[in-house]
Each structure stands twice: as C-alpha cells, then as structure tokens.
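A structural walkthrough
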Amino acid sequence: MENYLVLDREPFVGFFPNDLRNWLAEHTQESEIALSMMFVHEKTGVLGAECDETTDYWVHFAFEEWYELETELVERIKEILALDNKTKGTNYPLDGIGTHYIIKPFMERNGYRDGSGWWIKA
C-alpha cells in the first residue's frame, strides 16, 4: 500500500497565508518552496471542495486568501524555471499548459510526485 495520501486533518489549521509568507521570507531554498507548495496546494484543494458545499462567506474568503498565496508560489516557481531555461538551456514550458504541469518539473526535482492532483513526497 505504498504511494497513498490520506489527509487525516485539514492542512495548516491555525495558520494563515501571511504566516507562511513570513516563513518563506527566511526560507528560500527550492526544497522549502516545494514543501510550501505541497501544503498550500492541499489547503486550497480542501477549501475549494468546501466552497462547493457551502455559502459560508468565511470559507470562501479563506479559499481566496490561500489561493492568492498558491498563485504567488506558482509565479516564484515559474521564475526559477525561467532562469533555468535561460542559464541552463532547459526548455521548461511556462505557459500554454495547466499550472500543475508547469510546476511539475520543479516539484519532481525537489522530491515530489504527482499523486493524481496532490503533491506527494516521493
């Protein structure tokens, strides 16, 4: 039964996007950005599903706040990949495909794999 991801509780309970932004200001290594992306993506996924089931303003507000941070992380990852394209001669696509597939090479080189929409530590 390897390669399964089971969420037994919502990610980042008691934390807010700005808490993670503050942490990321001091933790700038690729591995730390990838770890953050994994957790933030899980958080937005959980909240997004909850948004489909409720009209509660606070759930929708929380989703928007976490999604904004996820978008910021994606842009940061795209900047890293663009620099690789320029300096290392790689040819990572930076648009024209879904965000998940744009960041996939970054996540994979930092030890994560695509677990059908979730990033799982390989």
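Above this note sits the structure.
Residues numbered from 1 in each chain as written. Predicted model: local features only at pLDDT ≥ 70, side-chain atom pairs only at ≥ 80, totals over all residues. Heavy atoms only, no water.

**Some thoughts on the side chain of His100**
What counts here: Secondary structure is summarised from DSSP: a helix means a run of H or I of at least four residues, a strand means a run of E of at least two, and numbering begins at the N terminus for each. Definition of a polar contact: a pair of N or O atoms within 3.5 Å, with one able to donate and the other able to accept a hydrogen when the atoms are protein atoms, and with sequence-neighbouring residues admitted only if both atoms are side-chain atoms. By definition, residues are in contact when any of their heavy atoms lie within 4.5 Å.
Mapped onto the elements of the fold, His100 is located in helix H4 (residues 99–109). Engagement of the side chain of His100 in a polar contact is seen with the side chain of Asp114, the distance being 3.2 Å. When near neighbours in sequence (up to four residues on either side) are disregarded, His100 contacts Asp114, Gly117 and Trp119.

**Looking at the nonpolar core**
Quick reminder of the rule: Throughout, nonpolar core names a set of buried Ala, Val, Leu, Ile, Met, Phe, Trp, Tyr and Cys residues whose side chains join them through atoms within 4.5 Å. Accessibility here uses a 1.4 Å probe with only protein chains present; expressed as a share of the type maximum, an area under 20% marks a residue as buried, one over 50% as exposed, and anything in between as partly exposed.
By size, the foremost hydrophobic cluster in this structure holds 23 residues, and its most contacted members are Ile33, Met37, Leu73, Ile77, Ile103, Phe106 and Met107. When contributions to this core are tallied by element, the ones reaching two or more residues are helix H1 (17–26), helix H2 (30–53), helix H3 (57–87) and H4. Apart from residues lying up to four places away in sequence, Leu73 is in contact with Leu24, Ile33, Ser36, Met37 and Val40.

**Considering H1**
Heads up, the condition is: Note that the arc is defined by the directions from the helix axis to the C-beta atoms.
Every buried residue belonging to H1 is among Pro17, Leu20 and Leu24, and all of these are buried. Summarising the axial view, the buried residues of H1 lie within an arc of 60°, below the 170-degree limit, and thus occupy one face. Residues of H1 that are exposed and angled more than 90 degrees away from the buried face: Asn22, Ala25 and Glu26. Where H1 is buried, its residues touch H2 and H3.

**A short note on the environment of Trp66**
For Trp66, the position within the fold is in helix H3. Put simply, Trp66 and Glu42 are 24 residues apart on the chain and 10.0 Å apart in space, counted from C-alpha to C-alpha.

**Digging into the packing of aromatic side chains**
We count it as follows: Pairs were defined over the aromatic rings of Phe, Tyr and Trp, the Trp ring being its six-membered one, requiring ring centres within 6.5 Å. Orientation was assigned from the angle between planes: stacked under 30 degrees, edge-to-face over 60, tilted for the rest.
Inspection of every chain in the model, using the stated rule, returns four aromatic pairs. On the basis of an interplanar angle of 80° and a centroid distance of 5.0 Å, the ring pair of Tyr57 and Trp58 is categorised as edge-to-face. For Tyr57, a relative accessible area of 52% gives the class exposed. Geometrically, the ring pair formed by Tyr57 and Phe61 is stacked, given 6.0 Å between the ring centres and 25° between the ring planes.

**Some remarks on the packing of H2 against H3**
Geometrically, a packed helix pair is captured by the angle between its two axes and the distance between the axes. Put simply, the rule is: Whenever a helix is involved, its axis is fitted only over the stretch in contact; in every case the axis is a line through C-alpha atoms, and angles between N-to-C directions fall within 0 to 180 degrees. Roughly parallel here means an angle under 35 degrees, roughly antiparallel means over 145, roughly perpendicular means 65 to 115, and every remaining angle is called oblique. If you view the pair so one helix is near and one far, a crossing is left-handed when the near helix is turned anticlockwise from the far one by less than a right angle, and right-handed when it is turned clockwise. Only Asp, Glu, Lys and Arg are considered charged, only Ala, Val, Leu, Ile, Met, Phe, Trp, Tyr, Cys and Pro nonpolar, and every remaining residue, Gly among them, polar.
Closest axis-to-axis distance for the H2/H3 pair is 9 Å, and the angle between their directions is 150°. Considering the angle they form, H2 stands roughly antiparallel to H3. Here the hand of the crossing between H2 and H3 comes out left-handed. Looking at side-chain class alone, the contact of H2 with H3 contains 15 nonpolar, five polar and five charged residues.

**Observations regarding the layout of surface pockets**
The cut-off we apply is this: Using protein atoms alone on a 1 Å grid, points that fit a 1.4 Å probe yet trap it form a cavity, whereas open point sets bounded by protein on both sides within 12 Å along at least five of seven lines form a pocket; residues with an atom within 4 Å of a point count as lining. Grid points are joined across faces, edges and corners, and a volume is the space filled by probe spheres set on the points.
There is about 180 Å³ of room inside the largest pocket. In terms of lining, the largest pocket is formed by 13 residues, of which the most central are Tyr67, Glu70, Thr71, Val74 and Thr99. Among the elements that make up the lining of the largest pocket, the one with the highest residue count is H3 (six residues). Among the residues making up the lining of the largest pocket, the classes are represented as six nonpolar, four polar and three charged.

**Some words on the environment of Trp23**
Residue placement: Trp23 occurs in helix H1. Along the backbone, Trp23 and Ser36 are 13 residues apart, and their C-alpha atoms lie at a distance of 9.6 Å. Excluding its chain neighbours within four sequence positions, the residues that come into contact with Trp23 are Glu32 and Ser36.

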